[in-house]
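An overview of the molecular structure
For reference, the chains in residue letters:
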Amino acid sequence: MIKKPQTAAVIDIGSNELRLHIAQAVTAQESETVNYLENLNYPLSLGRDTFHTGKISFEKVDKACEVIKGFLNVAKGYGIRNVYTIACTALREAANREYVLDQIKIKTGISVHVMDDLEEKRHIYKLLTHYAEGYLKKSAVMVYIGTGSIGVNLYIDGKMPRTWNIRVGSLRMSEMFGNLQDFTRDFYRLMEEYLSGYFYKLEEELPEGIRRFIVSGQESGLISGLIMHEKEAQQQGKPLFEVERGVFDSFYDTIKHQTTDRIVIDYDIAVDKAETVLPAACICQKLLSCTDAKTIIASHLLPCDAILFQMLYPKRFSVVDKRLDKDTVLSAKEIARRYGANLAHGDIVRSYAATIFSKIKKLHGLGVRDRLLLDASAYLHDIGECINSLDHHLISYEMVKRVDIVGLTQAEQEMAALICRFHSGTPDLKSFYYNVIPTETKVRVSKLAAMLRLADSIDRSHSQKSLNLEVKLSDNALIITVNTRENFVLEKWAFAEKSRFFEEVFGIKAEMRVKKI
């Protein structure tokens, strides 16, 4: 019996349009590809409401619900009843977001997963990493141009040590400056100067000699389509296509002097799309100028495409996940290095924390993402010392919330910041810092902080006195045996202090035993 190919559907409530993607898994010669059965778009500028007034009008909510119900009927025609629905910038930043989500739930019966900004980028990075693996073996910059923000990733030898998240996007810029286009001949200069205020630090920090420039996003796909036959590339099943740098430069030199009306006429596209072409092209040009790339590797892929791929090929995506997790730890270590943290201390604390995590699995009930947060926090917990060693745990918290860490969602980054905050001091569930997170998250943070506190105390002097560590879990205690040749009095004192919170969280004592070698 021939097995029916797996099919999945995703609805994407975007800033400019609502999308329905229905796709089927196709495995040929050991390479996974996605066969799109339906790609439906309905223009609805929710982002204009959010960026202009801060709220989405209920007239547009009603229209969105009508469109979503039509999409659901199309999906049913393919035998799909569970349609995963996502929303990004427009709904995420709307002041009336909860009311809008409630109306969508009541009128359509679906629950919408609102992605935070970093989660949105994380999905697209994973999919691009899968498709662009061959381009990432040396130096490359991967860019995602969203409607409200930009993500920039640096790849060196196939690894991603740095990422930058910049809160400016194509639609946001269009809404900010669109009214000024009729009052200045060199409108593009206004946008270039505005972007320079965001990009000057990025330009300083990116290394010289980057040879690959990979860009994705709705507008980057549109621009590539205006320059070349993007539809032909899509029909051939190509998720990536190349545009010569000189060809793009010529295109930019042409449109930067054109009005939106002129772009509509010359390229035969809708007004709402034409309004974002110049801002997106300006962003692309500014970032491209930071590299030596001769060719732009462009993609029309969006986060909804990444989710579809993950639904159809979960095993393949888990491999990409693991690779990105390694980059998360690498990124945390790179941040620690930039802020002058003791990397030898970070290495050994990470090792100790990982051992404790592994030995008490039956006590903590945590998963792979939690272990990743513990690894990252082991490197980041002391970065506040670059400003003040006395209250460094408080400063580390504020810094970790705001630094750009590869691969973490905003919720996870907040958790990592809290873990760093509570590696020192006295953790308290009634603390101000805990008030802003859900109860289940408080417990996860406390468990991870308790483990980090023990690991940190074993190297309290930052001099790596322990030669090796033995960890054993008994019925009523966690026994940590340290083998050392040196005086361990300071570490024993620190362990005694920090183990109290471990006992409070897990209900068992943590004991340190020192063996002199």
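Residues numbered from 1 in each chain as written. Predicted model: local features only at pLDDT ≥ 70, side-chain atom pairs only at ≥ 80, totals over all residues. Heavy atoms only, no water.

**Quick notes on the overall build of the chain**
Applied cut-off: The helix count covers DSSP runs of H or I at least four residues long, the strand count covers runs of E at least two residues long, and both are numbered beginning at the N terminus. Note on exposure labels: buried denotes an accessible area under 20% of the residue type's maximum, exposed denotes more than 50%, and partly exposed covers the range between, all computed with a 1.4 Å probe on protein chains only. All accessible areas in this document rest on Shrake-Rupley with a 1.4 Å probe, and a residue is counted as covered only by the protein chains that are shown. Positive: Lys, Arg. Negative: Asp, Glu. His and the chain ends are not part of the count. Think of each charge as sitting on NZ of Lys, CZ of Arg, CG of Asp or CD of Glu.
Across its full length, the chain carries 21 helices and 14 strands. The 517 residues of the chain split such that 56% are buried. Accessible surface, the chain as shown: approximately 23,400 Å² in total, 49% of it carbon and sulfur. Separation of charge centres in the chain, based on 69 positive and 67 negative side chains, amounts to 6 Å.

**So, helix H19 (residues 410-421)**
Every α-helix winds through 3.6 residues per turn, so residues three or four apart in the chain are directed the same way. Just so we agree on the cut-off: Helices are assigned an expected span. That span is 1.5 Å times one less than the residue count. Contacts: residue pairs with any heavy atoms within 4.5 Å of one another.
The terminal C-alpha atoms of H19, which comprises 12 residues, lie 16 Å apart, in line with the 16 Å expected from a rise of 1.5 Å per residue. Along H19, 10 of the 12 residues are buried, which leaves the element largely enclosed by surrounding structure. Along H19, the positions that sit buried rather than exposed are Glu 412, Gln 413, Glu 414, Met 415, Ala 416, Ala 417, Leu 418, Ile 419, Cys 420 and Arg 421. Those residues of H19 hidden inside the fold are in contact with helix H5 (117-131), helix H17 (368-380), helix H18 (392-402) and helix H20 (439-458).

**Comments concerning the pattern of salt bridges**
Applied cut-off: Each reported salt bridge corresponds to a side-chain nitrogen of Lys or Arg within 4 Å of a carboxyl oxygen of Asp or Glu.
Taken as a whole and judged by the stated rule, the model has 34 salt bridges. The salt bridge partner of Asp 321 is Lys 126, with a shortest N-O separation of 3.0 Å. Residue Asp 321 is located in helix H14 (residues 314-338), and its partner Lys 126 is located in helix H5; the two are separated by 195 residues in the primary sequence. Lys 126 carries the same exposure label as Asp 321, and that label is buried. Here Glu 204 makes a salt bridge to Lys 201, at a shortest N to O gap of 3.8 Å. Here Glu 204 and its partner Lys 201 are both found in helix H7 (residues 187-205), three residues apart, which amounts to about one turn of the helix. Residue Glu 204 is classed as exposed on the basis of its relative accessible area, which comes to 55%. Given the relative accessible area of 41%, Lys 201 is considered partly exposed. Here the salt bridges do not stand alone but share partners, grouping Asp 12, Glu 17, Arg 19 and Lys 273 into one network.

**Remarks on the pairing of strand S13 (residues 477-484)**
Consecutive side chains along a regular strand alternate between the two faces of the sheet. Stated precisely, the cut-off is as follows: Between any two strands, pairing holds if DSSP finds at least two bridges. When the strands point away from the viewer and the connection leading from the first strand across the helix to the second strand turns clockwise, the crossover is called right-handed.
Within S13, eight of the eight residues are buried, leaving the element largely enclosed by the surrounding structure. Burial of S13 is two-sided: the residues Ala 477, Ile 479, Thr 481 and Asn 483 facing one way and the residues Leu 478, Ile 480, Val 482 and Thr 484 facing the other way are all buried. As judged from the seven bridges shared by strand S12 (residues 466-473) and S13, these two strands associate in the antiparallel manner. The residue bridging Lys 472 from the neighbouring strand is Ile 479, located in S13. Two elements, S13 and strand S14 (residues 509-516), share eight bridges in a ladder whose sense is parallel. Each bridged residue has a counterpart across the sheet, and for Ile 479 the counterpart in S14 is Glu 511. Considered for its hand, the β-α-β crossover made up of S13, helix H21 (residues 489-506) and S14 is right-handed.

**Remarks on the nonpolar core**
Applied cut-off: Residues enter a nonpolar core if they are buried and are Ala, Val, Leu, Ile, Met, Phe, Trp, Tyr or Cys, with the set joined through side-chain atoms within 4.5 Å.
In this structure, Met 451, Ile 458, Leu 478, Ile 480 and Phe 502 are the most contacted members of the largest nonpolar core, which totals 60 residues. Looking at this core, the element that brings in the most residues is H20, giving nine residues. When neighbours within four sequence positions are excluded, Met 451 is seen to be in contact with Ile 356, Phe 357, Ile 360, His 364, Leu 366, Leu 374 and Phe 506.

**Overview of the packing of helix H6 (residues 170-177) against helix H12 (residues 271-288)**
Note the cut-off: Lines fitted to C-alpha atoms define the axes here, with helix axes fitted over just the stretch in contact, and angles between the N-to-C directions of these axes take values from 0 to 180 degrees. Two helices crossing with the near one rotated counterclockwise from the far one by less than a right angle form a left-handed crossing, whereas a clockwise rotation gives a right-handed crossing. Polarity classes work like this: nonpolar for Ala, Val, Leu, Ile, Met, Phe, Trp, Tyr, Cys and Pro, charged for Asp, Glu, Lys and Arg, and polar for all others, with Gly in that last group.
For the pair H6 and H12, the least separation of the axes is 8 Å and the interaxial angle reads 115°. The two elements H6 and H12 cross, and the hand of that crossing is right-handed. Where H6 approaches H12, its residues Ser 170, Leu 171, Met 173 and Ser 174 are matched on the opposing element by Glu 275, Thr 276, Pro 279, Ala 280 and Ile 283. Among the residues making up the contact of H6 with H12, the classes are represented as five nonpolar, three polar and one charged.

**Here we look at the sheet that holds S14**
Ordered by their spatial adjacency, three strands build an open sheet running S12-S13-S14, and the pairing between neighbours is mixed. Whereas interior strands pair on both sides, the edge strands pair on one side only; in this sheet they are S12 and S14. The sheet shows a mean angle of 20° between the axes of neighbouring strands, taken without regard to direction. Helix H15 (residues 343-359) rests against S12 and S13 of the sheet, and its axis sits at about 15° to S12. Where H21 meets the sheet, its contacts fall on S13 and S14, and the angle it forms with S14 comes to roughly 160°.

**Describing the environment of Ser 216**
Looking at the secondary structure, you find Ser 216 in strand S9 (residues 212-216). For Ser 216, a relative accessible area of 0% corresponds to the buried category. C-alpha separation for the pair Ser 216 and Ile 297, spaced 81 residues apart in sequence, amounts to 8.6 Å. Not counting residues within four places of it along the chain, the set of residues in contact with Ser 216 comprises Ile 124, Leu 128, Val 143, Tyr 144, Ile 145, Ser 299 and Leu 301.

**Here we look at the packing of helix H2 (residues 58-77) against helix H4 (residues 97-108)**
Stated precisely, the cut-off is as follows: In these notes the angle categories are as follows: under 35 degrees is roughly parallel, over 145 is roughly antiparallel, 65 to 115 is roughly perpendicular, and the rest is oblique.
Between H2 and H4, whose axes approach to 10 Å, the crossing angle comes to 40°. Comparing the axis directions of H2 and H4 gives the class oblique. Where H2 crosses over H4, the handedness of that crossing is right-handed. Each of Phe 58, Val 61, Asp 62, Cys 65, Ile 68, Lys 69 and Leu 72 in H2 lies in contact with H4, whose residues at this interface are Tyr 99, Val 100, Gln 103, Ile 104, Lys 107 and Thr 108. Across the contact of H2 with H4, the residue classes tally to eight nonpolar, two polar and three charged.

**Overview of helix H13 (residues 303-312)**
Across the 10 residues that make up H13, a large majority, eight, are buried. Three or more residues of H13 are buried, namely Pro 303, Cys 304, Asp 305, Ala 306, Ile 307, Leu 308, Phe 309 and Leu 312.

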